[in-house]
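This is what each chain is made of:
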Amino acid sequence: MSSINQQESTTQELQERLSCLQAELEQARARLTKVQERYELASQAGRTGAWDADLRTGTLYIDPLLRQSRNIPHGQTPTLTAFLTAVHPADLLVVSQAVSAFLRGTTSDYQIEHRNLLDDGSVRWVAVHAIALRDKDGFPYRLVGTETDITDKRNAELALQIAKSELEQRVEQRTADLEQINNALKKEIGRHEQARDNLRQSEDSLRRLYLITIDRTTSYAEKVERLLALGCDLLQMETGMLSRVTNNDYELLHVRSPSPMKPGMVLPLDMTYCELLLTIPPDQWPLTFVNIGQSEQAYHPAYQNFRLEAYIGLPIIVRGRPYGTLNFSSASVRNEPFTSTQKGMIQLMGQWLTTELERQQLEAEFRQSQKMEAIGQLTSGVAHDLNNLLTIITGYSDLLTEPELGLSGSPLRYARAIRDAGHQVSELTNQLLIFSRAQEQELQILQLNEIIIKTKSMIERLIGENIIVATELAPNLGNIKADPVQINQILVNLAVNARDAMPSGGQLLIATSMVTTDNDATIIDTALLSPGQYVLLTVSDTGVGMAPETQAKAFEPFFTTKEKGKGTGLGLSTVYSIVMQTGGKVYLESEPGSGTTFQIYFPTMASYEVVEKQEEIVEGLPPMAVGHEVVLLVEDRESVREFVQEVLLDAGYTVLVAEDGMQAVSLFNDYAEPIDLLLTDVIMPGMNGAELASFLLDLSAGLKVLYMSGYTDAISLQTAHPGQKHFLHKPFMPHDLLWSVRQALDD
């Protein structure tokens, strides 16, 4: 009996133990399943498949992902031979040699990248890693490895190589173009010097013209005003004008006249002297008329409208194209003809204006070339910053969209991090767009410290890590009036100049301060500075410095100490030209072996109210602007279109949506009710935003227009209707969108 009880007890213990083992087995299976799932997810994420080959039996195992990438049907059992014969014929020899060395034991593991030629004819790049299991005699009996699809990586590397080659070709071409520009400028300078020699031998009026043209202390605009005054005085004429042809219009640039004509006035070309002048052969320039009322020219609209009696004019041809005219006129009758000296004077004025305008155009092209060259050097630094920001954006986006990752952070915090990173990306791209764009001078009230702070990171990328960039910015700095892009160009040009002077590294210091020219012993040679307050920009380096003879020519065009092909000699002359246009002055201090210091004085502006107003706007967002009007939204990018539509609908607007200009015209014609606002992207395929707005405004003059674009200079808005200049820069926040829509509707 006891034996039976003992057996029953033993059986029960075995059953209990069996149950425990089964439970542990189930847990192990669950863990195995979880591990397998993780393995499959990791394989998919890395596009990596595993394989296991038994060399003794010839059997081969490949996982599902590798089977899929190799296009092997599920019913087909792969063999090791078929697996290896997929290697592209061009890579077969290299792969065979690597496999042989691996099997012989020459290498401990097998790592190689090669192409596979699949049955469907497609070619895929793969990276293969493998290890071998060997018996006691060192012979391999089993191979285990992974295969990763790197086709996209290889294609990207190839595209990068092609882009690099194209960039190098463009740089070479640009260098050749700059050499041609240099030669052209040298020829023009030679012509200018010849004209200067002729002027020295002329009468008093010609000497005055010469003094005007060589004066480096006044701006181009001031010189033109003095030229017009000189011409009116010499010719005894009432009105002098320099004008410009733009499309089919005629714009007055500089005017010296007792009449209401002012700079900025625009007339149709067929009403002006320019239209008549351009029909006259060059050998008959300048065109002159005395007592116009008695000649057939009285029938020309220009003379009928302005009731002129005496006229002398010359076309200005810049780089082979009509730029405009230089002309003098009077409503008084002139009793004697124009003398040869007077005609020669007008021609000399025209020659100087032509040379100066061509120089300005070439300088603008060169500055743009310099900026694009600098952007090329900035590429790696910008890519680094963008990749960091994109890591934040994509990382937090995955946390929001894949909760199965198991991370329990705050979704609101993730969203804010994405938004902040997006703002930083926007600031970075805007900085590059502003720096690279080509445009005419646009004077604004500026805080110099703000520009230096924004430009510092760009300068650090540009000059390299072996140079320390330090700043000493004075608080409560006065405002200046200048073009922000040109101030940016000054900083970059001086930074590049300092970099070249410090090949082994050093320090670049950018400092600002307020100075007064009255009896200030610390200011260098301020004899040419008017008394008053100035904002002083100081840029100094610890480089090799300049000898006195080099300093004397530093600001001259085309003067350079660099070897041929390494510099154009226009960097510092560009800085000088920009500073002079702002009404400022630039000074240079340097000694060989002791570095170089540039001091630039900008006149201050009494514009503190403007700054205070801007600061008040930044302090808080405007209230949400809502409405009930009908908005026609035109945007070719679907994701942007959906975002704008959703924001406007939530704010109470009725929204009609079109993806291009033609669809927008169709919606506009078919919609029964009046449409209050056209909200359109500027750059679109086919009909652009300005063209669409112009077309719809002809149909409905009361239509309001709001443009939006990712370009900082609002490309193509030059053709927009006058008054329709509301513009919203991408990227924008919902607040910005609603506020801009409300402003456009209420304007």
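Computed from a predicted model, the values in this text were never measured in an experiment.

Enquirer: Can you lay out empty space enclosed by the protein for me, pointing to particular residues and giving the numbers?
Expert: The method is simple in principle: a probe with the dimensions of a water molecule rolls over the atoms, and the space it marks as empty is what remains. A complete count under the given rule lists 1 cavity of 30 Å³ or more for this structure. Within this model, the largest cavity holds a volume of roughly 40 Å³. Taken together, Met-241, Tyr-250, Leu-252, Met-261, Leu-267, Met-271, Thr-272, Tyr-273 and Phe-306 form the lining of the largest cavity.

Enquirer: How would you summarise a negative patch on the surface if you had to cite specific residues and measurements?
Expert: On the surface, Glu-638, Glu-642, Glu-646 and Asp-650 cluster together into a negatively charged patch. With respect to the secondary-structure elements, Glu-646 resides in helix α17 (residues 638-650). By relative accessible area, Glu-646 is classed as exposed at 52%.

Enquirer: An account of the pairing of strand β20 (residues 654-658) is needed here, citing residue identities and associated values.
Expert: For a regular strand, the rule is simple: side chains alternate between the two faces of the sheet. With 5 bridges connecting them, strand β19 (residues 630-634) and β20 associate as parallel partners. When the bridges of β20 are listed, Leu-633 appears paired with Val-657. The parallel pair β19 and β20 is bridged by α17, and the resulting crossover is right-handed.

Enquirer: Explain helix α6 (residues 204-214) to me, and be specific about the residues and the numbers.
Expert: Owing to its 3.6 residues per turn, the α-helix brings residues three or four apart onto one side. Among the residues of α6, those classed as buried are Ser-205, Leu-206, Leu-209, Tyr-210, Ile-212 and Thr-213. Seen end-on, α6 carries its buried residues on one side only, within an arc spanning 160°.

Enquirer: Can you break down the environment of Pro-282 residue by residue, with the values?
Expert: Counting through the fold element by element, Pro-282 comes out in the loop between α8 (273-277) and β9 (287-290). For Pro-282, a relative accessible area of 55% translates into the label exposed. The spatial distance from the C-alpha of Pro-282 to the C-alpha of Leu-314 is 9.3 Å, given a sequence separation of 32 residues.

Enquirer: How would you explain the pattern of salt bridges if you had to name every residue and give the values?
Expert: In total, this model carries 10 salt bridges according to the counting rule given. Asp-52 is the partner of Arg-142 in a salt bridge, and the nearest nitrogen-oxygen pair spans 2.5 Å. Separated by 90 residues along the polypeptide, Arg-142 in strand β5 (residues 140-149) and Asp-52 in strand β1 (residues 48-54) bring together distant segments of the chain. Taking relative accessible area as the criterion, Arg-142 reaches 33% and is therefore assigned partly exposed. One network of salt bridges, in which partners are shared, links Glu-629, Arg-742 and Asp-746.

Enquirer: So, the packing of helix α18 (residues 661-670) against helix α19 (residues 689-699): which residues are in play, and what are the values?
Expert: The geometry of α18 relative to α19 is characterised by a closest axis approach of 10 Å and an angle of 15° between their N-to-C directions. Looking at the two axes, α18 sits roughly parallel to α19. When you trace α18 past α19, the crossing you get is right-handed. On α19, the residues touching Gly-661, Ala-664, Val-665, Phe-668 and Asn-669 of α18 are Leu-692, Phe-695, Leu-696 and Leu-699.

Enquirer: Describe the pairing of strand β14 (residues 479-482), naming the residues involved and giving the relevant values.
Expert: Pairing of strand β12 (residues 444-446) with β14, which is carried by 3 bridges, proceeds in the antiparallel orientation. Following the sheet pairing, Gln-444 is matched in β14 by Ala-482. In the sheet, β14 pairs with strand β18 (residues 596-605) via 2 bridges, with the strands oriented antiparallel. Looking at β18, one finds that Ile-480 is bridged to Thr-604.

Enquirer: Requested: an account of α18, with residues and values cited.
Expert: Listed as buried for α18 are Gly-661, Ala-664, Val-665 and Phe-668. Projected onto a plane normal to the axis of α18, the buried residues spread over an arc of 100° and lie on a single side. Looking at α18, the residues exposed on the side facing more than 90 degrees away from the buried face are Met-662 and Asp-670. Residues of α18 that are buried in the fold lie against β19, β20 and α19. Its side-chain oxygen at 3.3 Å from the backbone nitrogen of Met-662, Asp-660 defines the N-terminal cap of α18.

Enquirer: Tell me about the sheet that holds strand β7 (residues 249-256), and please be specific about residues and values.
Expert: Spatially, 6 strands are ordered β8-β7-β6-β11-β10-β9 in an open sheet, and the strand pairing comes out antiparallel. Two strands in the sheet have a free side with no partner beyond their single neighbour: β8 (266-268) and β9. Within this sheet the neighbouring strands show an average axis-to-axis angle of 25°, counted without direction. Across 7 bridges, the pairing between strand β6 (residues 239-246) and β7 is antiparallel.

Enquirer: Go over the packing of aromatic side chains, please, and point to the residues and values.
Expert: All told, the structure shown has 5 aromatic pairs when counted by the stated rule. Seen from their ring centres, Phe-102 and Tyr-110 are 5.6 Å apart, and the 45° between their planes marks the pair as tilted. Here Tyr-534 and Tyr-601 contribute two aromatic rings whose centre-to-centre distance is 6.3 Å and whose plane-to-plane angle is 85°, an arrangement assigned as edge-to-face. Taken as a pair, Tyr-534 in strand β16 (residues 533-541) and Tyr-601 in strand β18 lie far apart in primary sequence, 67 residues in all. Tyr-601 carries the same exposure label as Tyr-534, and that label is buried. Connected via pairs of aromatic rings, a cluster forms that spans Tyr-534, Tyr-587 and Tyr-601.

The rules behind the values
- Residues numbered from 1 in each chain as written.
- Predicted model: local features only at pLDDT ≥ 70, side-chain atom pairs only at ≥ 80, totals over all residues.
- Heavy atoms only, no water.
- 1 Å grid on protein atoms, 1.4 Å probe; cavity = no way out; pocket = protein on both sides within 12 Å on 5 of 7 lines; lining within 4 Å.
- Points joined across faces, edges and corners; volume = space filled by probe spheres on them.
- Patch = residues over 30% accessible without salt bridge, like charges linked within 9 Å, V, L, I, M, F, W, Y side chains within 5 Å.
- Areas by Shrake-Rupley, 256 points an atom, 1.4 Å probe, with all protein chains shown as cover.
- Salt bridge = Lys/Arg side-chain N within 4 Å of Asp/Glu carboxyl O.
- Lys, Arg positive; Asp, Glu negative; His and termini not counted.
- Charge placed at Lys NZ, Arg CZ, Asp CG, Glu CD.
- Helix = DSSP H or I, 4+ residues; strand = E, 2+ residues; numbered from the N terminus.
- Buried < 20%, exposed > 50% of the residue type's maximum accessible area, 1.4 Å probe, protein only.
- Pairing = 2+ DSSP bridges.
- Right-handed = clockwise from strand over helix to strand, strands pointing away.
- Arc of directions from axis to C-beta.
- Axes fitted to C-alpha atoms, helices over the stretch in contact; angles between N-to-C directions.
- Parallel < 35°, antiparallel > 145°, perpendicular 65-115°, else oblique.
- Left-handed = near helix turned anticlockwise from the far one by under 90°.
- Contact = heavy atoms within 4.5 Å.
- Polar contact = N/O pair within 3.5 Å; in protein donor to acceptor, adjacent residues only side chain to side chain.
- Phe/Tyr/Trp six-rings, centres within 6.5 Å; stacked < 30°, edge-to-face > 60°.

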